[in-house]
Amino acid sequence: MNTNAIKDLLFKMADDALVIGHRNSEWTGIGPMLEEDLAFSSMAQDKIGHAQALYTILHEVLGERDRDTLAFKRQEGEFKCCQFVEQPIGEYDFSIMRQFLFDNAELLRYDMLTRSSFQQLAQLAKKVRGEIKYHVMHGDAFVRQLGNGTDESHARMQSALNVCWPLALGIFEKSELEGDLIKEGIFAGEDELKKQWLQKVSKVLTEAKLKVPAIDESKIVYGGRKGFHSEFLKPMLDEMCEVVRTDIDAEW
Amino acid sequence: MNSLDPRVTRLDLKKVAEGDVHTNSHLITWEVFHQEKRGKQVVHAGIVHASTPEMALVVAKEVFGRRGKTSNLWVAKTSDVYTFPAEDEDIFETTPEKTFREPGSYKVRDRIEKFQQQHKTEA
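Only a predicted model underlies this, so the values are computations on that prediction, with no experimental measurement involved.

A.B. asks: Sorry, what's going on with the pattern of salt bridges here?
C.D. replies: If the charged atoms of two oppositely charged side chains come close together, the side chains can form a pair. Residue and element names in this part refer to chain A. Applying the stated rule across the entire model yields 23 salt bridges over all chains. Close ionic contact of Asp93 with Arg156 constitutes a salt bridge, the shortest N to O distance being 3.0 Å. Separated by 63 residues along the polypeptide, Asp93 in helix α5 (residues 92-113) and Arg156 in helix α7 (residues 151-169) bring together distant segments of the chain. For Asp93, a relative accessible area of 14% translates into the label buried. In this structure, the salt-bridge partner of Lys226 is Glu173, at a minimum N-O distance of 3.4 Å. With Lys226 in the loop between α9 (190-207) and α10 (233-240) and Glu173 in the loop between α7 and α8 (178-183), this pair connects stretches of sequence that are 53 residues apart. Judged by its relative accessible area of 5%, Glu173 is buried. The network of salt bridges with common partners includes Lys7, Glu64, Arg65 and Glu78.

Below is the structure:
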């Protein structure tokens, strides 16, 4: 079993979950309606829970540092999240489109992982799959609703999709260690995931009367999986870690 | 000066006070029913605002399925619920007095116990 390859997979999943969780929590108190305030807040809590569970596996099974250290005491360059999740929440159209595109990829990824030969990961995937299923239900419902809503809601969703698309494709940035994961039945790989994702999101986007933008391969935003981030991650981490950094050795 | 709190600024209170309430900004209501366990009765939980059944379910999950155990939620348009007119409430007025309809009113307990006692001693 290639431990480094598994660690690489778990870090990118955990960091995605932690960062999108923090971003979605930024809607708490300012959601466009009370129910959406609740929805984004509770989905944010779910995501942070997933990150916590993944960091726990990294620590207890794979010998990494403890989960609080992994979450709060790493440098920007050590984070393996894709650049999509670190973007500011922007307007609600951007946030809901990101939630839809990202969570559809999450559900398919966790679905695949329920069959992983890495037992701890398979167990976790089975446990949290239901939560992510609801996140997808939420995203699908809103995209369909707003895509078919008024001229304004349709136009906003289309432009949000245009902004999100090159970033969303960056979710599937491949690692050079991935071959081992596929060979050992741990994870079926980013290409397979992307194929299933394209099929699923295209279906909902068509129902929402939205057009998938045709973009050049070179426009896809890669880098996050290798520790290269946009200008938005560092300020977010600074804020997220502010309390911890006031007394780095404090016991919580 | 306008409030910096987005929760305040997003509702134009001045216009609302003047009676300028856009009808399209008000979604219809749905009655939400909550089921704790599969097979158990489905109990009315409250209402949500939404435009479609799909959206009503998503919102209901957030509001009524977030805490505690939930097996399923039902939603139905409030306009699809039929009720007695409120002024006919008097048709139920004397119901609490009809205690003879409750099983507790049957004075058979003593006889059952007596029979059981007898049966026991005989056996």
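A.B. asks: Even after reading the chapter, I still don't get the interface of chain B and chain A, so can you show me in this structure?
C.D. replies: Often, the extent of an interface is quoted as the loss of accessible area upon association of its parts. Each partner contributes residues to the interface: chain B has 13 residues there, and chain A has 16 residues. In total, chain B and chain A occlude about 1,300 Å² of area from one another, counting both sides; carbon and sulfur atoms represent 62% of this. Note that Arg144 of chain A and Glu54 of chain B form a salt bridge whose closest N and O atoms lie 2.5 Å from each other. Our count for the chain B to chain A interface comes out at five residue pairs in polar contact (both at pLDDT 80 or more). Secondary structure elements with two or more residues in the side of chain B that touches chain A: α1 (6-9) and α3 (53-64) of chain B. When residues in the side of chain B that touches chain A are grouped by element, the largest group, seven residues, is from α3 of chain B. The residue makeup of the side of chain B that touches chain A, split by class, is five nonpolar, two polar and six charged.

Criteria and cut-off values
- Residues numbered from 1 in each chain as written.
- Chains lettered and ligands numbered in written order.
- Predicted model: local features only at pLDDT ≥ 70, side-chain atom pairs only at ≥ 80, totals over all residues.
- Heavy atoms only, no water.
- Salt bridge = Lys/Arg side-chain N within 4 Å of Asp/Glu carboxyl O.
- Helix = DSSP H or I, 4+ residues; strand = E, 2+ residues; numbered from the N terminus.
- Buried < 20%, exposed > 50% of the residue type's maximum accessible area, 1.4 Å probe, protein only.
- Contact = heavy atoms within 4.5 Å.
- Buried area = accessible area lost by both parts, 1.4 Å probe.
- Polar contact = N/O pair within 3.5 Å; in protein donor to acceptor, adjacent residues only side chain to side chain.
- Nonpolar A, V, L, I, M, F, W, Y, C, P; charged D, E, K, R; others polar.

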